[in-house]
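Fold and geometry: a report
The primary structure of each chain is shown beneath.
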Amino acid sequence: MLKDWKPEDKSIDKATQEMIRKAEKEGIETAWDRLKAQLPQCGYGQLGVCCRICMQGPCRIDPFGNGPQKGVCGATAETIVARNLVRAIAAGAAGHSDHGRHVVLALKETLEHGTPYPIKDEKKLKDVAKKLGVPVEGRKAEEIAKDLVEIALGDFSKQDEEIIKFADAYANKKRKEVWKKTGVAPRNIDREIVESMHRTTMGVDHDPLSLVAHGIKTSIADGWGGSLIATEFQDILFGTPKIGKGEANLGVLKEDYVNIVIHGHEPVLSEKIIEAAQDPELIELAKKYGAKGINAVGMCCTGLELLMRHGTPIAGNYLQQELAIVTGAVEAMVVDVQCIMPSLVDVARCFHTKIIDTSSLATFPGAVHVKFDEMRADEIAREIVRIAVENFPNRNKDKVQIPKGKSEAIGGFSVEAILEALGGTLKPLEEAIVSGKIRGVVGIVGCNNAKIRHNHNHIVLTDELIKNDILIIGTGCWATACAEHGIFLPEYAEKAGEGLKSVCKALGIPPALNMGSCVDCSRMLVLADLMARDLGVDISDLPLAGSAPEAMTEKAVCIGTYFVASGILTHLGIVPPTVGSVEVTKLLTKDAMNIVGGAFYIEPDPIKAAKTLIDHIESKRKALGI
């Protein structure tokens, strides 16, 4: 099939197809070419039965029973699969939680040394403080923030056995009782990640059940800890998103402007680059070089952070990052951490584009290195923008081809923005669910995966669910896919079922709500928790479900696991590398439902997946008597 793999088979998006054709014509290698070169992929790896933990290996288990059934040390397929899964969860938790730590440290630097990051949302600061029991009356914002910083950093470092403070403050009593009863209440974000690595090192924990249980604990430390801390502190520092309009897709690049694409996950630097791109002196410099101005746009989750807070255009999601450069119109792609392809430097060599890496954690050979320092944030942001502006004269106009495809999109649906739209309470939404106008809510999260037609599963699943009166909330690459497809416009509600359509029209909202980047999955947890508190039930009792229809990263593994740990049935659109163990697969897809109230469900077909998610929601409605 891959011999005739056409651009239309690789993506459903016409702008993306156009750039794939340009790349093919100019001989530029993209992710789809590299996937084709990898085929057939290792069957042992796909099943998760390959072990590389010690140097007696690599060992692999024969899934057909004809070859080895144990590694050199004696580990079975059950142990190997469980260990690999826990390591993936730990890696995903490390990514998002370290992101959270960096934001907390940025606020700490501001308080102690006066970085150029003033507290923008004092209301959010006080709301978070009240949840954590920090006094706010009669105190300055800086005093409150100092206490919050101490609590957040304590969740990364405390050594007692008590649940971390943020999870304790944000999760309702019923959910915490489940975690305590099953022994998965997280004690310390870093400790759970370190213990994951310790348990899975050679010769330690061999029991699939205890391994998976610790994986669940680690995921909760991220979802209700590190990720949640990242979102809350970003809102405090950069402002809580409000409902507003932006544009999405490769067509947001401008032919006559200096184009800067800001790509990655942490918004600490990107906030400053957006400011620097509006500097009159730098705009004047751009005009001196023949451009009409500076066009700073986002990519992936950094792009979603900027879209949510500033309405900054977003050029695409994960599988579009190389294609933005293929337009030939990008002067600089500025990257920090996570989901950034190392191939960007190779693609950039075909054009004049400069890849600028900025994080001390992530260095790209062949890139321009401008490492970020919070104390010099304004200066560094201006330096980066200047590099892009001065690169404009090097652009080869004969190579420029920008697709026209782009769509308007409404975003900014933080929990606070949703509450404001509903009059300060979730009751209108809860009443719509109880009345049956809205049957339930599904949270959909990124990624893209080159094995799946770009954006296809995101859009098909979303369309199928809204047709059946399911309200969709979500984050990450799913959000960018929906923005590009026009789903984040109120008029898209015409494609929803009659009940959901009536609610959307009454509120002037689209049938699917963009809640931000993948680290902002915590917003969905907070929303679910508020609903559970209002109705006096556990999250697992609500007519909710989750989905990652184009899952790709270890972060997605962690997100899916903390959704399950929060009591939510969670669909995966790609078969994970765990099916080599019957015991682990049964534990994740069946037994977990009886232990934590949620479980994984695997189905590559988005239409079939939608039916199962709808059936699950209807069963929850029936149990609630609504």
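Residues numbered from 1 in each chain as written. Predicted model: local features only at pLDDT ≥ 70, side-chain atom pairs only at ≥ 80, totals over all residues. Heavy atoms only, no water.

Attention shifts here to the UniProt feature "binding site: [4Fe-4S] cluster 2" (unreviewed entry) in the protein chain. UniProt annotation of "binding site: [4Fe-4S] cluster 2" (unreviewed entry) refers to Cys51, Cys54, Cys59 and Cys73 when read in the numbering used here. A maximum C-alpha distance of 10.6 Å is found for the annotated residues, which run over 23 residues; spatially they form one tight group. Along the chain, Cys54 turns up in the loop between β1 (50-51) and β2 (59-60). A residue is classified by how much of its surface remains accessible, and Cys54, at 24% relative accessible area, is partly exposed. Along the chain, Cys59 turns up in strand β2. For Cys59, a relative accessible area of 13% corresponds to the buried category. In this structure, Cys59 is in contact with Val49, Cys50, Cys51, Gly71 and Val72, ignoring residues within four places of it in sequence. (UniProt positions renumbered as here; feature names shortened; annotations may be inferred. Helix = DSSP H or I, 4+ residues; strand = E, 2+ residues; numbered from the N terminus. Buried < 20%, exposed > 50% of the residue type's maximum accessible area, 1.4 Å probe, protein only. Contact = heavy atoms within 4.5 Å.)

Attention shifts here to the packing of aromatic side chains. Considering all chains together, one arrives at 6 aromatic pairs under this definition. Centre to centre, the rings of Tyr562 and Phe563 are 6.0 Å apart; their planes meet at 50°, and the pair counts as tilted. Take Phe563: its relative accessible area is 5%, and that puts it in the buried class. Seen from the ring of Trp5, Lys10 lies directly overhead, with NZ or CZ sitting 5.4 Å from the centre. The positively charged end of Lys272 is found above the aromatic ring belonging to Tyr117, 5.2 Å away from the centroid. (Phe/Tyr/Trp six-rings, centres within 6.5 Å; stacked < 30°, edge-to-face > 60°. Lys NZ or Arg CZ within 6 Å of the ring centre and 35° of its normal.)

Our next topic: the environment of Thr425. When you line up the elements, Thr425 lands in the loop between α18 (415-421) and α19 (427-435). When its relative accessible area of 29% is taken as the criterion, Thr425 is described as partly exposed. Residues Thr425 and Ile193 lie 232 residues apart in sequence; the distance between their C-alpha atoms is 36 Å. Engagement of the side chain of Thr425 in a polar contact is seen with the backbone nitrogen of Lys427, the distance being 3.0 Å. (Polar contact = N/O pair within 3.5 Å; in protein donor to acceptor, adjacent residues only side chain to side chain.)

With that settled, the discussion passes to the domain arrangement of the protein chain. The domain architecture assigned to the protein chain consists of domain 1 (77-238), domain 2 (250-399) and domain 3 (412-624). Centre-to-centre separation of domain 1 and domain 3, based on C-alpha positions: 23 Å. Listed as interface residues are 39 residues of domain 1 and, on the opposing side, 37 residues of domain 3. In total, domain 1 and domain 3 occlude about 3100 Å² of area from one another, counting both sides; carbon and sulfur atoms represent 66% of this. Three residues, His96, Arg175 and Trp224, lead the burial of domain 1 against domain 3; their summed loss comes to 19% of the area buried on that side. Counting the contacts that link domain 1 with domain 3 gives 3 salt bridges. Residues Asp538 and Arg175 are paired through a salt bridge, measuring 2.6 Å at the closest nitrogen-oxygen approach. At the boundary of domain 1 and domain 3, one finds 16 residue pairs in polar contact (both at pLDDT 80 or more). (Domains from an automatic or database assignment. Buried area = accessible area lost by both parts, 1.4 Å probe. Salt bridge = Lys/Arg side-chain N within 4 Å of Asp/Glu carboxyl O.)

Now for the UniProt feature "binding site: [4Fe-4S] cluster 1" (unreviewed entry) in the protein chain. Mapped onto the present numbering, the UniProt feature "binding site: [4Fe-4S] cluster 1" (unreviewed entry) falls on Cys42 and Cys50. With respect to the helices and strands, Cys42 occurs in the loop between α3 (31-38) and α4 (43-47). Topologically, Cys50 is positioned in strand β1. Apart from the residues lying within four places of it in its own chain, the contact partners of Cys50 are Tyr44, Pro58, Cys59, Arg60, Ile80 and Asn84.

The subject of this paragraph is the sheet that holds strand β4 (residues 258-263). In space, the 5 strands of this open sheet follow the order β5-β4-β6-β7-β8, with parallel pairing throughout. Across the chains shown, the open sheet's two edge strands, defined by having one partner strand only, are β5 (294-299) and β8 (368-369). With 4 bridges connecting them, strand β6 (residues 332-335) and strand β7 (residues 354-357) associate as parallel partners. By the bridge assignment for β7, Val334 is matched with Ile356. (Pairing = 2+ DSSP bridges.)

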